[in-house]
Amino acid sequence: MTMALLEVDNLSIGYRTDSGIHLAVDGVSFRVDRGESLGIVGESGCGKTTIGMALMGLSAPNAKRISGKIRLEGQDLTALSDERMRQIRWRRISMIFQSAMNALNPVHRVRDQITEAIITHEPGLSSHAVAHRTRSLFELVKIPASRLQDYPHQFSGGMRQRVIIAMALACNPSLIIADEPTTALDVIVQNQILSAIGSFQKEMNLGMVFISHDLAVVADVCTHIGVMHAGRLVEYGRQQEVLDCPGHPYTRLLVGSLLTLSDQPADLSDIYKNRRL
Amino acid sequence: MSDTASPAPIQDQPPDLPAGKHRFHWVERFADGWAVYRKNIIGRIGLALLALFALMAVASFIPQLVDPMYHPMTGVDPYISHSTGPSLRHWLGTDYIGRDIFSQLLAGARIAFMVGISSALISILFGTTIGMVAGYAGRHTDLVLMRLADMIMVMPTLLVVLILSALFGQLNIWVIVLMIALFRWPGVARVIRSQTLSLRHRPFIEAARVAGASHLRILFRHILPNVMPLALLYMSFRVTSAIIIEAALAFLGFGDPGTVSWGMMLQWVWKTGHMFQASYWLLPPGICISLITMAFYMTGRAMDDVLDPRLRKEET
Amino acid sequence: MGLRPFVIRRCIEIAVIFFVIMTVLFVLFRLAPGDPVERMVDPSMTPEDAQLLMESMGLDRPVWTQYLYYLKNMATGNMGISFHYGEPVIHILMDRLPNTILLFTSAIILSALLGVFLGKIAAWRRGERTDMLMTVGALFCHTLFLPWLALIMIWFFAYHVGWFPITGMVTPAVWIDPDAGMISKALDVLHHMALPLMTLVLTHFGSYLLIMRSSMLDTLKEDYIITARAKGLTEKTIRDRHAAPNAALPVVTSVGLSLAFSINGGALTETVFTWPGIGRELVFSVSHSDYPLAQAAFLLIAIVVLTANLLVDVLYAYLDPRIRY
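All figures in this text were calculated on a predicted structure; none of them were measured in a lab.

K.L.:
Is there a simple way to explain the overall build of chain A in this structure?
P.N.:
Within chain A, the secondary structure is distributed over ten helices and ten strands. Projected onto its principal axes, the C-alpha coordinates of chain A cover approximately 60 × 45 × 45 Å. When the 277 residues of chain A are sorted by exposure, 42% land in the buried category. Pairs at least 24 residues apart make up 66% of the contacts formed inside chain A by residues separated by at least 6 positions.

Here it is in structure tokens:
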């Protein structure tokens, strides 16, 4: 078996609070290979964003990794120093942020925000090469090169997300973490962004971890699906398997709540009653 | 952000309250606030300093009762008619005509509180009323009032009072207090205005309007209790600026010649050329002004922490 | 580009404010007890000169006409003759104006830069000893009474240690000497400016530091800081290139808001250090009942403050692309 791009092994993360340590992620394990994308679905507070941040090494100051390992191409990220992790960030594993977030710095032009990432990780590159790459990134996400010198507030929500995607791809990472990248966008734009992400992933053979609360979105784009509930990964498998035969009652709830134009709304009361929290 | 201030009761008769709760919600809140305030070390130091100065102010009546030569303004020591250093007889020494510096310092504390608090009260009164009216009435009234506030804020208060004293002669201390207040209200008004703006569209105001309450009633019965904590908070900052402006005026020689303020003391040291030799005279008034400013600032900051619950959690 | 209309609008606003101030001053001068004519014309002038002056200022005409004369005179710079100096007020003030601008501008810029720089570090090292030291230091300096600090400065640095001159802006010997070049003259001014400048900066940087610190703490919670971390930038880069430029914006606003306060301090500083600026002239003229000079000095200071406000607003608009574009 080839080495997995990303291997998460029995990861548990807790938050230090006044009343002790609150477990946010409980013994989660999964793997992502190149070309595959894992969609992690769950409601707010189920721990999915915590996982996303932990993968980037950006856990909050009061978060504590209690156990488990994160291996990127065999390398144990959890054992790395801050400085080593900083060098890996963006270069090998980058992030597409929530569309609701204020992810771009308002006082810098978007072009500078992208070139900054490139220069930090590939200092040897000539300024000409950097500029060329930035331009091609914009072409890739289909934004006119004339917008390169604009400031973030001059872009619409959808275009901003595309800038963020371009930025995430800037250093040719092997793994991308997408955290609710389409949540605040309207459906048409959402569709565009999703297909853009999907196509890049295939073209560049990237691995992807796609975090969302919306099973419909994940079902659209991901090869694998993981369902999280109260910190545990309660369902994990290929997309089709999970959707057709959900094992866990919570998954069934989620699948059942997927509305299609032809379906009758499902009767959820049974499942809800039997659901264990 | 959720509304941390609960809506004022609309009905006139309060419902039956569970035992142990006070009739007025704000008293309860005050008690809660006090408990938090007590934990804040900055607030404690500030309050301690203020207590010290208050003590000084109260004690300022004592020296001349002990012996008329200790009177800050008219006290004449039969044996001393020039500036001397600290001694048992005069704890901080004497000024250039033999008056006791320590009793002057105490009198200065009294003046500082008087000027500071009355000026702050007046500017809070003004500022709150104008801010509320501007925020509530909106549109033209708001525009006019805020433009007025802008214009006044641009003016350097000290220099304005200076010009006024040029025209109207030596100013009485209460006139000075009023002048200062008239130029310091815009800061309060702005803050109160934005608070009022955010309250204006709250459901409980709408409900009161529907119930037929007059505008005046709404303003004073419903909006005022909610903006008052903010107004009181800003009062501490107004006090410091009032004290400083009065001190600067006195320093330049435009204070009320009948009052002994710390600024006046500094003027005497400076103008009589004792600056370089009489450190016992030069240092105390300046230190007092700085300390009282710091005390009010610290108290204000601590109150700010109490009133803003978001901050409360973070600063620990 | 939204900058030009913005500037124009602000200029108009300032002109209106100044106009109101002028008018209020006019009214006050006539409302005050005493003879308004005596206020404008030195009683010790010769009757012929007095008559000439009165005519040029329209003091023998009804109030409304006087007002028009007043406006005209303002526009042409005829603000009367100083009682004390015996010279046209405008000359005296124009002579003093550059000195004030030199001191005032340097003080504001230095204290803002210092406040921003130290506030940035204090926020970054929040809770540590560096932060505590800086915050307490800023608070301490902020509460110092400016005239008192000025006196202490003179006492210590000029009198005690003798490093700096006690008063004034220039050493006459240096300026009279025909061989003295620009550099030595400039150095002399700087030498004299050191103490007043230090006094002003010490009393002002504190509030900027505290504002920068709290602004920085707010900025550090912003999402784009997470992005910067995610991009693998160094801590220093994040602090200086991403957080600080955003955090500095409220400081600029604060500088603008505290300009009135700063000019108070400027006038006090000039008075204590006998720095020949318009602030000092104002204080001096008021204590000597030199009404024409006092009125003109006040108006000139008003112009300076308003212009400074405008410049700060423009600076803010320039620094924040959200306003410019």
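K.L.:
Could you clarify how one ought to interpret the interface of chain C and chain A in this entry?
P.N.:
Accessible area lost on assembly of the parts is the figure often given for the size of an interface. At the junction of the two partners, chain C supplies 17 residues and chain A supplies 23 residues. Listing elements by their share of the side of chain C that touches chain A, those giving two or more residues are helix H10 (223–230), helix H11 (235–257) and helix H15 (321–324) of chain C. Among the elements that make up the side of chain C that touches chain A, the one with the highest residue count is H10 of chain C (six residues). Within the side of chain C that touches chain A, the residues separate by chemical class into seven nonpolar, four polar and six charged.

K.L.:
Would you take a moment to explain the pairing of strand S1 (residues 6–17) of chain A for this structure?
P.N.:
Every other side chain in a regular strand lies on the same face of the sheet, so the side chains alternate between the two faces. All names here are of chain A. Across eight bridges, the pairing between S1 and strand S4 (residues 63–72) is antiparallel. Bridge pairing in S4 places Leu6 opposite Leu72. Inspection of the sheet shows S1 paired to strand S2 (residues 20–32) by nine bridges, in the antiparallel sense. When the bridges of S2 are listed, Thr17 appears paired with Gly20. What sits between the antiparallel neighbours S1 and S2 is a turn of two residues.

K.L.:
What is the right way to read the interface of chain C and chain B from this model?
P.N.:
On the chain B side, the residues contacting the 33 residues of chain C number 31 residues. Taken together, the elements giving at least two residues each to the side of chain C that touches chain B come down to helix H1 (3–31), helix H6 (129–143), helix H7 (146–160), helix H12 (259–272), helix H13 (278–287) and helix H14 (291–319) of chain C. Of the residues contributing to the side of chain C that touches chain B, the split by class is 27 nonpolar, six polar and no charged.

K.L.:
What's the story with the packing of H7 of chain C against H12 of chain C in this structure? I'm lost.
P.N.:
Think of two packed helices as two axes; the pair is described by the angle between the axes and how far apart they sit. All names here are of chain C. Where H7 meets H12, the closest approach of the two axes is 9 Å, and the angle between their N-to-C directions is 30°. Between H7 and H12, the interaxial angle falls into the category roughly parallel. The chirality of how H7 crosses H12 is right-handed. On the side of H7, the interface is formed by Leu146, Pro147, Ala150 and Leu151, while H12 contributes Gly265, Leu268, Thr269 and Val272.

K.L.:
Can you walk me through the nonpolar core in this structure?
P.N.:
For soluble globular proteins, the rule of thumb is that nonpolar side chains tend to be buried together. Residues Leu162 of chain B together with Leu282, Ala297, Ile301 and Val305 of chain C are the most contacted members of the largest nonpolar core, which totals 236 residues. Per-element tally for this core: the top contributor is helix H9 (residues 215–252) of chain B, with 18 residues. Leaving out residues up to four positions away in the same chain, Ile301 of chain C has contacts with Leu159 of chain B together with Ile263, Ile278, Gly279 and Leu282 of chain C.

Basis of the calculations
Residues numbered from 1 in each chain as written. Chains lettered and ligands numbered in written order. Predicted model: local features only at pLDDT ≥ 70, side-chain atom pairs only at ≥ 80, totals over all residues. Helix = DSSP H or I, 4+ residues; strand = E, 2+ residues; numbered from the N terminus. Buried ≥ 20, exposed ≤ 12 C-beta atoms within 10 Å, placed from the backbone. Contact = placed C-beta atoms within 7 Å. Nonpolar A, V, L, I, M, F, W, Y, C, P; charged D, E, K, R; others polar. Pairing = 2+ DSSP bridges. Axes fitted to C-alpha atoms, helices over the stretch in contact; angles between N-to-C directions. Parallel < 35°, antiparallel > 145°, perpendicular 65-115°, else oblique. Left-handed = near helix turned anticlockwise from the far one by under 90°. Core = buried A, V, L, I, M, F, W, Y, C linked by C-beta atoms within 7 Å.

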